[in-house]
There are 2 protein chains.
Amino acid sequence: MLIYIDKDTKAPIYEQIYTILRQKILSGSLKFADKLPATRKLATELSIGRNTVDRAYQQLIAEGYVTSKVGSGFTVNKIPIEFAVSDQVDFSAHSLEKAQSQSVSIRYDFAHGATDNSIFPYKQWRKSINYALNLMESYSCIHYPSRQGEASLRQNISSYLQRSRGVRCNASQVIITCGHQHSMEVIANMFEHSSKRFAMEDPGYDGVRIVFQNHNYQLTPIPVEKDGVSIEPIKILNTDHLLYLTPSHQFPTGVILPIAKRRKLIHWAFNTNSYLIEDDYDSELRYDTNPIPSLQSLDIHGRTIYTGTFSKSLSPSMRVAYIVLPDSLMDTYRRYYHRYNSQVSALHQIALADFIASGNYEKHINRLRIFYRKRQNALLTALREVFGNTAFISGEGAGKHILLTLKNSLSQDDLIKRAENIGIRVYSTKEHYMNPIDCPHSQILLGFSIIPTHDLKLVLEELHHAWNND
Amino acid sequence: MLIYIDKDTKAPIYEQIYTILRQKILSGSLKFADKLPATRKLATELSIGRNTVDRAYQQLIAEGYVTSKVGSGFTVNKIPIEFAVSDQVDFSAHSLEKAQSQSVSIRYDFAHGATDNSIFPYKQWRKSINYALNLMESYSCIHYPSRQGEASLRQNISSYLQRSRGVRCNASQVIITCGHQHSMEVIANMFEHSSKRFAMEDPGYDGVRIVFQNHNYQLTPIPVEKDGVSIEPIKILNTDHLLYLTPSHQFPTGVILPIAKRRKLIHWAFNTNSYLIEDDYDSELRYDTNPIPSLQSLDIHGRTIYTGTFSKSLSPSMRVAYIVLPDSLMDTYRRYYHRYNSQVSALHQIALADFIASGNYEKHINRLRIFYRKRQNALLTALREVFGNTAFISGEGAGKHILLTLKNSLSQDDLIKRAENIGIRVYSTKEHYMNPIDCPHSQILLGFSIIPTHDLKLVLEELHHAWNND
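Residues numbered from 1 in each chain as written. Chains lettered and ligands numbered in written order. Predicted model: local features only at pLDDT ≥ 70, side-chain atom pairs only at ≥ 80, totals over all residues. Heavy atoms only, no water.

Draft legend 1. Region of the structure containing the overall build of chain A. Counting its secondary structure elements, chain A contains 14 helices and 17 strands. Its C-alpha atoms give chain A a radius of gyration of 31 Å, clearly above 23 Å, the size a compact globule of 470 residues would have. Principal-axis analysis of the C-alpha atoms places the extent of chain A at approximately 95 × 60 × 45 Å. The burial tally for chain A puts 59% of its 470 residues in the buried class. Pairs at least 24 apart in sequence give 74% of the contacts found in chain A among residues at least 6 apart. Approximately 19200 Å² of chain A is accessible, and the part contributed by carbon and sulfur atoms is 51%. (Helix = DSSP H or I, 4+ residues; strand = E, 2+ residues; numbered from the N terminus. Rg over C-alpha atoms; globule rule 2.2 N^0.38 Å. Buried < 20%, exposed > 50% of the residue type's maximum accessible area, 1.4 Å probe, protein only. Contact = heavy atoms within 4.5 Å. Areas by Shrake-Rupley, 256 points an atom, 1.4 Å probe, with all protein chains shown as cover.)

Draft legend 2. Just the interface of chain A and chain B, in detail. Every contact between the two is made by 118 residues of chain A and, on the other side, 118 residues of chain B. Buried area between chain A and chain B, summed over both chains or domains, comes out near 9800 Å², and the portion from carbon and sulfur atoms is 54%. Taken together, chain A and chain B are joined by 4 salt bridges. Close ionic contact of Arg126 of chain B with Glu137 of chain A constitutes a salt bridge, the shortest N to O distance being 3.0 Å. Per-element accounting of the side of chain A that touches chain B gives the leading share, 9 residues, to helix H4 (residues 122-138) of chain A. Looking at the side of chain A that touches chain B, its residues break down into 53 nonpolar, 39 polar and 26 charged. Pairing between strand E5 (residues 141-142) of chain A and strand E4 (residues 115-116) of chain B: 2 bridges, direction antiparallel. Bridge pairing in E4 of chain B links Cys141 of chain A to Asp116 of chain B. (Buried area = accessible area lost by both parts, 1.4 Å probe. Salt bridge = Lys/Arg side-chain N within 4 Å of Asp/Glu carboxyl O. Nonpolar A, V, L, I, M, F, W, Y, C, P; charged D, E, K, R; others polar. Pairing = 2+ DSSP bridges.)

Draft legend 3. Representation of the packing of H4 of chain A against helix H11 (residues 346-357) of chain A in the model. Residue and element names in this part refer to chain A. For the pair H4 and H11, interaxial distance at closest approach is 8 Å and the crossing angle is 125°. The orientation of H4 relative to H11 falls into the category oblique. Of the two possible hands of crossing, H4 and H11 adopt the one that is right-handed. Residue-level inspection shows Gln124, Trp125, Ser128, Ile129, Tyr131, Ala132, Leu133, Leu135 and Met136 of H4 in contact with H11, the latter providing Ala346, Leu347, His348, Ile350, Ala351, Leu352, Asp354 and Phe355. The residue inventory of the contact of H4 with H11, partitioned by class, reads 13 nonpolar, 3 polar and 1 charged. (Axes fitted to C-alpha atoms, helices over the stretch in contact; angles between N-to-C directions. Parallel < 35°, antiparallel > 145°, perpendicular 65-115°, else oblique. Left-handed = near helix turned anticlockwise from the far one by under 90°.)

Draft legend 4. Looking closely at unusual backbone geometry. Omega for the peptide link from Asp202 of chain A to Pro203 of chain A comes to 5°, which places this bond in the cis form. Structurally, Pro203 of chain A is set in the loop between strand E7 (197-202) and helix H7 (206-214). Here the bond from Phe251 of chain B into Pro252 of chain B is cis, since omega is 5°, no more than 30 degrees from zero. Within the secondary structure, Pro252 of chain B sits in the loop between strand E10 (241-245) and helix H9 (259-272). With phi around 55°, Lys196 of chain A is a residue other than glycine that occupies positive phi space.

Draft legend 5. Structural context of the domain arrangement of chain A. All names here are of chain A. Here the domain parsing of chain A yields domain 1 (13-102), domain 2 (108-119 + 363-468) and domain 3 (122-358). Computed over C-alpha atoms, the centres of domain 2 and domain 3 are 27 Å apart. Between domain 2 and domain 3, the contact holds 27 residues from the first and 29 residues from the second. When the buried surface of domain 2 facing domain 3 is broken down by residue, Arg369, His432 and Met434 rank first, second and third, together holding 26% of it. Remark: the boundary between domain 2 and domain 3 carries 16 residue pairs in polar contact (both at pLDDT 80 or more). Taken together, the elements giving at least two residues each to the side of domain 2 that touches domain 3 come down to helix H12 (360-387) and strand E15 (401-406). With 7 residues, H12 is the single largest residue contributor to the side of domain 2 that touches domain 3. (Domains from an automatic or database assignment. Polar contact = N/O pair within 3.5 Å; in protein donor to acceptor, adjacent residues only side chain to side chain.)

Rendered as structure tokens:
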């Protein structure tokens, strides 16, 4: 058998032998039951050690190319040849993600999900990351993180929520997740074997709707009025519903659910064996009053599943959120998840626990509130100056966005397109409506999380011009 | 109206007024349509500023307790009283997670999922974490991480897999997940609207089986023979199956799937519109031969979904894994996930990308291979010395565990219980069988990922004694 080896290349000799023989087998030049040269013979032929040949043969045996039998040496196995291995596969590059085709580059972005990086407390966060690395380095071994989340983080979140949101809970009810959508996945999974009825605010966050749609829940949209979700359509719902709400700051309208409606919803949930899913996504960021107490804090009957996230208050790139389950649902949770590992990195969990325990989280929230209040005020002032009474502002006083409804006849798509044509990105509210037809005409969503304030008036004047220039 | 305020406490006065009025409304002492004192009057009564009273009233309005009408002042709203808010809710502490009741504390743990912390490259990892923090600090704003994962990490994983595992892919096919179970969830979700037929090795990793069971897939167990999964039962499967395999190191038996069977499976998948899910969980850790090339590297027809994880090679507490999808499935992935955010922290993704790009990952893998090879050898030597031919070892040569089958009549439960009674934890293989009856009698799983080697012989002698002492 002809085997050429190259003693001058980097590739080890046993690997060269392995590769050549493997290729001969795959190409059919070595066939089923053919014998490989005896190791001693091949070693002599190639002037190499017998161990080197043996190592190549062992690899071929391990991968199933040949068999070694006492007395008959190394023989080639039967290998289906229908599928020849070819190296001529086309791996032509294609775009990583379909880039949105844009003729004009975006100069100003009225985004609302992002965070301004200048306010992020890198110094304190680095301290907490280092604390976590030091702690982890001191362990003798590394396990999977605790299923529900690190105990220290659950304890700190539970104390924080009791303190700042009046949430009635202890650490055992807290579940750490990788973001709000993951929280929704966990809830959708938990109720997988129930009646799968899901009602939600309409308009409401489409990132939540899609999760329950994908889990094949039966969806009922509940209209949002000037004081939050409408109660009448809820009263006639079947039993065993999940009802998703953003009571402290309705997304996207910005309205607050009043105490009377909260009481009615808790009553309804209690009477119909239903659960309220409270999404408290940015409740810390209220500027006109104190933060609104959570719905869960009013519920002494354990019908509220409370959910929150660090995406708005700290960073959307961190991917940590949490669920507070009523005690009565802990068994349902464990039944579904008893064989699952946590999906949240231990480093982040430990660092976050330290960050909260040290008081840095609450300090940051207070700074954030001042920061975004100023920014919202700047936006509102500039809007009033530029648009006067040609547009109506709603949803102000909290969060990172407002709604602007123009008194003209342009559609959301037109408004967005005209803005994009001059390098400004504004957002639609359409996707948050179950039925896009219900969406108010000429309404857009303006986030103020990353827009710079200094040339705000100029930017709005450009927008005003683009929208009124026919 | 009697309102006592305490000017000496820390609580702001407006908050005291708010709390007192809120309590009066909730307790019914202020009823529907009752009027609150005029702000000017109350301010004079309490000798405080009118703004302070106004702030308390605004909070009550925001939360829906009262309404302000021009001319008629502040009146209490109608609030359902059926559900009085009580502070006497019992939050008696209960155990965070049901602790396993243990009479004896565990001194030695033959775990396999954990990692020895002494080998973790903290110095290099800290460098990469700092690199990521610096990079992130330089951004002007923080967005949600890219949906499929950070481009830099996908690029580095794709190059690494091409180099070390022969995987045919580019970065656009890589999806970053929060661990192997999350990868399985993604795949289960992607095929949610297909025929939902799932076949898997039996025995096979139960953490995978539970995911597809929970997603209501129809499950077919495929027996594992001495050379991997049996082909005959696969040939008679329906079309449109997903077939889950651990070809390079079958879990838990440790066998390698030979080339002939790999070819047949690819052929079968191609002919039946099925997909192979290759779980390459610890392929880097092979001690007796070179790592076995991936199944995906043989598949020129794009029928293999390749999955891997950093849990075995780096740390189980990091929660980063990946999927390499065939190009033909990218649209299916995007269709399901187009409205989802990534669930993996940007910090970890950027740090990992840097860690791989700097060559530190591959250096670590090489150190790890030497480390665990030594440890496995120590375990095998000690086992042979202590158990002689009273036990049969299998699954050696790779990974972080072996199987030990005793030639006595004790069940897995007995073996585990007896070990636990003397403070030693060994593991069953039972849960990895679809039907526990199929599980070999007197077999246990011994992991060597965190067990110290110096007193290994002593520990095994204790075990031997406990298992042979009737």
